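# Breakdown of the fold
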Amino acid sequence: MEPLIEVHREGKYYIAIDLLTHVADQGLTGEEAVRNLKKGLTEHHQLKRALHSRKE
């Protein structure tokens, strides 16, 4: 599934938000914010998998 990402500027930072998970990150450029968001989404999904594994 392709993430739906919104990027907007707040002061000197760009904020990238994944609209499906509400995970967000920032950067000094829009591209940097999206790169940081991709890392954050990877960590988010790894954590969800780890938590799901604990329940089983």
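For the structure, check the block above.
Rules used in this analysis
- Residues numbered from 1 in each chain as written.
- Predicted model: local features only at pLDDT ≥ 70, side-chain atom pairs only at ≥ 80, totals over all residues.
- Heavy atoms only, no water.
- Core = buried A, V, L, I, M, F, W, Y, C linked by side-chain atoms within 4.5 Å.
- Buried < 20%, exposed > 50% of the residue type's maximum accessible area, 1.4 Å probe, protein only.
- Contact = heavy atoms within 4.5 Å.
- Helix = DSSP H or I, 4+ residues; strand = E, 2+ residues; numbered from the N terminus.
- Pairing = 2+ DSSP bridges.
- Axes fitted to C-alpha atoms, helices over the stretch in contact; angles between N-to-C directions.
- Expected span 1.5 Å × (residues − 1).

### Considering the nonpolar core
Ala 16, Val 23, Ala 33, Leu 37 and Leu 41 together form the largest nonpolar core, which totals five residues. When neighbours within four sequence positions are excluded, Val 23 is seen to be in contact with Ala 16, Ile 17, Asp 18, Leu 37, Gly 40, Leu 41 and His 44.

### Some points on unusual backbone geometry
Even without glycine at this site, His 22 takes up a positive phi of about 65°. Tracing the backbone shows His 22 in the loop between β2 (13-18) and β3 (24-27). A relative accessible area of 63% places His 22 in the exposed class.

### Here we look at the sheet that holds β3
Strand order in the open sheet formed by three strands is β1-β2-β3, and the pairing between neighbours is antiparallel. Each of the sheet's edge strands pairs with one partner strand only, and the pair in question is β1 (5-10) and β3. Each strand axis lies, on average, 25° off the axis of its neighbour in the sheet, ignoring direction. The sheet contact formed by β2 and β3 spans four bridges and is antiparallel. Bridge assignment links Ala 16 to a residue of β3, and that residue is Asp 25. Its contacts with the sheet put helix α1 (residues 30-55) on β1, β2 and β3, and the angle it makes with β3 is roughly 145°.

### A short note on the environment of Ser 53
Within the secondary structure, Ser 53 is located in helix α1. By relative accessible area, which is 48% here, Ser 53 ends up partly exposed. For the pair Ser 53 and Tyr 13, spaced 40 residues apart in sequence, the C-alpha to C-alpha distance is 36 Å.

### Some details on α1
Between its terminal C-alpha atoms α1 stretches 37 Å, which fits the 38 Å expected from 26 residues at 1.5 Å a residue. Listed in full, the buried residues belonging to α1 are Gly 30, Ala 33, Asn 36, Leu 37, Gly 40 and Leu 41. Contacts made by the buried residues of α1 are with β1, β2 and β3.

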